[in-house]
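Now for the letters of each chain:
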Amino acid sequence: MTLPSLSDTSFRDLTPEFMLDALESVGLYGDGRLLQLNSYENRVLQVHLEDGRIAVAKFYRPGRWSDAQILEEHEFARELQAAEIPVAAPWALGEPASSLAHYRGQRFAVTPRQGGRAPELEDPEVLTWIGRYLGRIHAVGRSRPFAHRQTWASALPGQQALDWLLAHESVPLEIRPGWEDAVRRCLDAIQRAFDETPDLGLLRLHGDCHPGNILWTPDRGPHFVDLDDAVTGPAVQDLWMLLSGDAESMRRQLACVLEGYESMAEFDHRELRLIEPLRTLRMIHHSAWLARRWGDPAFPAAFPWFGSSNYWSDQVVKLREQLEAMQPQPLAGGLPMQGGADEEEYKFWDAE
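Let me begin by describing the structure that accompanies this report. Only a predicted model underlies this, so the values are computations on that prediction, with no experimental measurement involved.

Brief notes about the overall build of the protein
Here's step 1: Looking only at helices and strands, one finds 10 helices and nine strands in the protein.
Here's step 2: Relative to the globule expectation of 20 Å for 352 residues, the C-alpha radius of gyration of the protein, 21 Å, shows essentially globular dimensions.
Here's step 3: If you line up the protein on its principal axes, its C-alpha atoms span 60 × 50 × 35 Å.
Here's step 4: Here the protein, with 352 residues, has 56% of them falling under the buried criterion.
Here's step 5: Here the analysis covers contacts within the protein between residues at least 6 apart in sequence; of these, 73% occur between residues at least 24 apart.
Here's step 6: Looking at the protein as shown, the accessible area adds up to about 15400 Å², and 50% of this sits on carbon and sulfur atoms.

Laid out in structure tokens, this is it:
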């Protein structure tokens, strides 16, 4: 199978010199110490400034988001910061001041560096603490809607991923019928789950709240980073990626998260029905994300197994398992789930 050849020159001129010049154009002068941080979607680096501050500069992938979508993400971060929620909000740059700067065809934003380590999600107190802050984030998120960001409250993102993969013949011909059938059946189940959960209270979300986007410090607790995928959707979208292991483990984890969450905000327990549909939606979306980015040299190097017959065959198996997991089930301990995230899934989430 040959993946579509998508020439991606988006970041070709992002040399260290270019990025330092871009920062100087908005009055930020680096002392020469740069460290590239883990990010495939954008280009992100840690910069030591001459005034002693340490910043994180993010150069956005051209064509992914509009300026309006990025600025809306930045405004949400500032609202959260004003509510004393620990997030990394972008600085105002240049004249006239804006959180989104432009330099020779590239767009970038700068935030202060936030230290921390991965949260220990096996610790009930850690989960409860994170749950409290998610409740506070969602309280702000409910105050007004996004106007430009995407919405994840139907099968539409998965349908768009399917359409793109088929149009670009990304799936091997011998596997395509079985894979397409599994995806279409999953999309039907996803849409049915949303249709059977009417009047959802949609709100502004972090959107990509996996453990890699939460930095933990023992004295201050969690700090939330990377609102790049902020979306409109149901509250549970920001909760389910914190759950892993077998069903019983996830029930215990969810109980801790909700204990903290519900001390700060109401939670509609009907949304638990959407955990597996949202997981399935992300799986389908992830395959299309990798295929779309294959022209970026970073992707074949990081994901050498992607696009093989084995990869797509494995996706068929996993999607069929998700069809079973998405069937309505009696609530057992409050969580109608079949299985949880594994180590590979967490790696994927960090990559995006």
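After that view, the rundown keeps rolling.
Here's the deal with the sheet that holds strand 2 (residues 43-49)
Sheet strands line up and pair through hydrogen bonds in the backbone, either parallel or antiparallel.
Here's step 1: Pairing is antiparallel in the open sheet, where five strands are placed in the order 1-2-3-5-4. Looking along the sheet, the strands with just one partner apiece sit at the ends: strand 1 (30-36) and strand 4 (101-103). Ignoring strand direction, the axes of neighbouring strands in this sheet form an average angle of 35°.
Here's step 2: Sheet analysis places strand 1 next to strand 2, joined by four bridges and oriented antiparallel. The residue of strand 2 that forms the bridge with Leu35 is Gln46.
Here's step 3: With respect to the sheet, helix 1 (residues 16-24) is in contact with strand 1, strand 2, strand 3 (54-59), strand 4 and strand 5 (106-112), its orientation differing from that of strand 5 by roughly 70°.

With respect to the side chain of Gln315
Here's step 1: Relative to the elements of secondary structure, Gln315 occurs in helix 9 (residues 309-325).
Here's step 2: Every residue in contact with Gln315, bar those within four places of it in the chain, is listed here: Trp179, Met283 and Ser287.

Remarks on the packing of aromatic side chains
Here's step 1: Counted according to the given criterion, the structure contains 17 aromatic pairs.
Here's step 2: Plain terms: the ring middles of Phe306 and Tyr311 are 4.8 Å apart, the flat faces sit at 65° to each other, and that makes the pair edge-to-face. Residues Phe306 and Tyr311 agree in their burial class; the two are buried.
Here's step 3: Against the face of Trp91 rests Arg53, its NZ or CZ located 4.5 Å from the ring centre.

Observations regarding the nonpolar core
Here's step 1: Core analysis: the largest hydrophobic core is formed by 80 residues, its most contacted members being Ile130, Leu134, Trp179 and Phe224.
Here's step 2: For Phe224, the residues in contact, after removing those within four places along its chain, are Pro86, Val87, Ala88, Ile130, Tyr133, Leu134, Ile137, His206, Cys209, Asn213 and Ile214.
Here's step 3: Core analysis: the next-biggest nonpolar cluster, separate from the first, contains 20 residues, Ala22, Leu28, Val47 and Leu49 among them.

Some details on the side chain of His210
Here's step 1: Its place among the elements puts His210 in the loop between strand 6 (203-205) and strand 7 (214-217).
Here's step 2: Overall, His210 belongs to the buried group, its relative accessible area being 2%.
Here's step 3: Separated by 2.9 Å, the side chain of His210 and the backbone nitrogen of Gly212 make a polar contact.

Description of the environment of His148
Here's step 1: One can find His148 in the loop between helix 3 (124-141) and helix 4 (156-167).
Here's step 2: Overall, the relative accessible area of 43% leaves His148 in the partly exposed class.
Here's step 3: For the pair His148 and Val231, spaced 83 residues apart in the sequence, the C-alpha separation amounts to 9.2 Å.
Here's step 4: Sequence-distant contacts of His148, that is, excluding residues within four places in its chain, are made with Ala68, Gln69 and Glu72.

Here's the deal with the packing of helix 5 (residues 176-195) against helix 7 (residues 275-292)
Here's step 1: Where helix 5 contacts helix 7, the two axes come as close as 9 Å, and the packing angle between them is 140°. Here helix 5 is positioned oblique relative to helix 7, judged by the angle of their axes. As helix 5 runs across helix 7, the sense of the crossing is left-handed. Touching Val183, Cys186, Leu187, Ile190, Ala193 and Phe194 of helix 5 are Pro277, Leu278, Thr280, Leu281 and Ile284, all from helix 7.
Here's step 2: Residues that form the contact of helix 5 with helix 7 fall into these classes: 10 nonpolar, one polar and no charged.

Parameters at a glance
Residues numbered from 1 in each chain as written. Predicted model: local features only at pLDDT ≥ 70, side-chain atom pairs only at ≥ 80, totals over all residues. Heavy atoms only, no water. Helix = DSSP H or I, 4+ residues; strand = E, 2+ residues; numbered from the N terminus. Rg over C-alpha atoms; globule rule 2.2 N^0.38 Å. Buried < 20%, exposed > 50% of the residue type's maximum accessible area, 1.4 Å probe, protein only. Contact = heavy atoms within 4.5 Å. Areas by Shrake-Rupley, 256 points an atom, 1.4 Å probe, with all protein chains shown as cover. Pairing = 2+ DSSP bridges. Axes fitted to C-alpha atoms, helices over the stretch in contact; angles between N-to-C directions. Phe/Tyr/Trp six-rings, centres within 6.5 Å; stacked < 30°, edge-to-face > 60°. Lys NZ or Arg CZ within 6 Å of the ring centre and 35° of its normal. Core = buried A, V, L, I, M, F, W, Y, C linked by side-chain atoms within 4.5 Å. Polar contact = N/O pair within 3.5 Å; in protein donor to acceptor, adjacent residues only side chain to side chain. Parallel < 35°, antiparallel > 145°, perpendicular 65-115°, else oblique. Left-handed = near helix turned anticlockwise from the far one by under 90°. Nonpolar A, V, L, I, M, F, W, Y, C, P; charged D, E, K, R; others polar.

Bear in mind that shape data such as this cannot, by itself, settle questions of function.
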